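Each chain, written out:
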Amino acid sequence: MKKPLITVIVASSFWSGGAISASPMSTVPAQPQEQVTLFNYTEVPFNHWSFRNMGIHPSLMVPRDGAIVDIPKALQPDVVNHQFYYLDHQLTFREAMINDFTDGYIVIKDGKILAEEYFGNFTAKDHHLWASSTKSLVGQALGLLVEQGKVDVDDKVSQYVEELKGTHFGEQSLRTVLNMTSALDYSEDYVNMKPGAIHTEYFRRLGFIPAFDLMAKKPTKTDLPRDLLSFSALFEQADDLEVNSRFEYHSPNVDVIGWVIARVTGEPLHTFIANNIWSKLGVEHDAFFMADLGYNPIATGGFNTTLRDFARVGLAMVNNGQYNGEQVFSEKWVKDSFTISKEERAHALASVYKDETLAVFDPHLEGYKNFLWVHDSDKNIATFRGVFGQFLYINQEQGVVIATFSSADSASNAARDTSKAKVAAFESLARSL
């Protein structure tokens, strides 16, 4: 029998309060070694507290409405002991979750909960950051406007957002932006923050790193872009890349789509999602968006909910947008999101995620469409993905939804081996059910 990944020992001892002594915000007032700050909130162990308390940033409410609809249970506790191999290591599903510093997971088959578990201080009533899983929700929100005939994805962005006329983003079609083939001169680098670099300035406005100098500037006294929307006008095309030639995972694309939604509907993105999505899912709790320095909801990664409510979004996706007696998402758009054309498949194949020589190689990715990571367009398998281990796995063929929130030790899921094992666990468990 092959040994499991050694990190299971480290991770499990952290969640049980063993090997890692620092317990963030455990005393009143917090002692220096346990104090969460805007400079350490993404680091282990501080992110275990901060990711369920993202109100440390400006935030905007997304209120629930209507009756709560319980997710029925058909508990099978042994399902998490399902065994699979990742590389040369034999793991159980539960070990794969623990390895990636998972705060909570829920496994659903045919609309019923088979397994649900929470670690450390995280509970079913706690909110948690979705991070970039938010992107996939925003993609489905735009689909509602396409269904209503208010948006055409072949139109240029500038047709909906006049402020972007004459800019690189303004000249792109919505389809180009939704599939992240916009060829931006930008790097989705969460580690190397060179002062003045465009991705550093972007992340400062996002709140990923603090920007006290921007906070201090008065909008009436400067035209310096302080928020994500106005900053999107500054992006240019990369010199060595053609538009619609390659999938490049670039977060600013989603800010633009969030702006389109707000401009077409005449209401902020968080209000549109509250009225048209969150109010229809029978959720248990209000949600909220992190906001940028201009108090715009962060479309690219700011949504926060409880774990079961995260899973409810998956239950709508696995049923072509229908849940709780409502057509929450557009059925046509959900089906379109799972459909990868020959050209879209080529865009993914040309990306870093399909280069087997790189650490970010993804054997599961077939294509990226409408901000959705599509694994298999024939079986309709896909994921919402967010940095530090946020996943919503959707498998229409098997009727399986798996939701996980995590506080992993690095941002990039693509480069983290424990995250790759987690995705392998999703796929293997779903096939076995």
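So, a few notes on the structure that sits alongside this text. (Residues numbered from 1 in each chain as written. Predicted model: local features only at pLDDT ≥ 70, side-chain atom pairs only at ≥ 80, totals over all residues. Heavy atoms only, no water.)

What to know about the sheet that holds strand E1 (residues 59–62)
Phase 1 of the analysis: Spatially, the 4 strands line up as an open sheet ordered E1-E7-E8-E6, and their pairing is antiparallel. Single-partner strands in this sheet number two, and they are E1 and strand E6 (128–129). (Pairing = 2+ DSSP bridges. Helix = DSSP H or I, 4+ residues; strand = E, 2+ residues; numbered from the N terminus.)

Considerations on the pairing of strand E13 (residues 381–386)
Phase 1 of the analysis: Burial of E13 is extensive: 6 of the 6 residues sit out of reach of the surface.
Phase 2 of the analysis: Here E13 shows two buried faces, one formed by Ile 381, Thr 383 and Arg 385 and the other by Ala 382, Phe 384 and Gly 386.
Phase 3 of the analysis: Where strand E12 (residues 372–376) and E13 come together, 3 bridges link them in antiparallel fashion. Each bridged residue has a counterpart across the sheet, and for Asp 376 the counterpart in E13 is Ile 381.
Phase 4 of the analysis: Linking two consecutive strands that pair antiparallel, namely E12 and E13, is a turn of 4 residues; a positive phi of about 55 degrees is found at Asn 380 within it.
Phase 5 of the analysis: Hairpin connection from E13 to strand E14 (residues 390–395): 3 residues lie between these consecutive antiparallel strands, with Phe 388 at a positive phi of about 65 degrees. (Buried < 20%, exposed > 50% of the residue type's maximum accessible area, 1.4 Å probe, protein only.)

A few points about unusual backbone geometry
Phase 1 of the analysis: Here the residue pair Val 28 and Pro 29 is connected by a cis peptide bond, since its omega of -5 degrees sits within 30 degrees of zero.
Phase 2 of the analysis: Position of Pro 29 relative to the elements: it lies in the loop between helix H1 (7–15) and helix H2 (46–50).
Phase 3 of the analysis: At the junction of Val 44 and Pro 45, the peptide bond is cis and its omega measures out at 5 degrees in the coordinates.
Phase 4 of the analysis: Note that Pro 45 resides in the loop between H1 and H2.
Phase 5 of the analysis: The phi dihedral of Ala 131 falls on the positive side, at around 55 degrees, and the residue is not glycine.

Structural notes on the pattern of salt bridges
Phase 1 of the analysis: Across all of its chains, the model carries 19 salt bridges by this definition.
Phase 2 of the analysis: The salt bridge partner of Asp 309 is Arg 312, with a shortest N-O separation of 2.9 Å. Here the residue Asp 309 and the residue Arg 312 both occupy positions in helix H11 (residues 307–318), the gap between them amounting to 3 residues, near one helical turn.
Phase 3 of the analysis: Its relative accessible area of 0% is what places Asp 309 among the buried residues.
Phase 4 of the analysis: On the accessibility criterion, Arg 312 (1% relative accessible area) is buried.
Phase 5 of the analysis: As a salt-bridge pair, Glu 366 and Arg 345 come within 2.5 Å of each other at their nearest N and O atoms. Residue Glu 366 is found in the loop between helix H13 (342–349) and strand E11 (367–369), and its partner Arg 345 is found in helix H13; the two are separated by 21 residues along the sequence.
Phase 6 of the analysis: Taking the relative accessible area as the measure of exposure, Glu 366 reaches 15% and is therefore buried.
Phase 7 of the analysis: Look at Arg 345 and you get partly exposed, because its relative accessible area is 30%.
Phase 8 of the analysis: Sharing partners across several salt bridges, the network here consists of Glu 116, Glu 284, Arg 308, Asp 309 and Arg 312. (Salt bridge = Lys/Arg side-chain N within 4 Å of Asp/Glu carboxyl O.)

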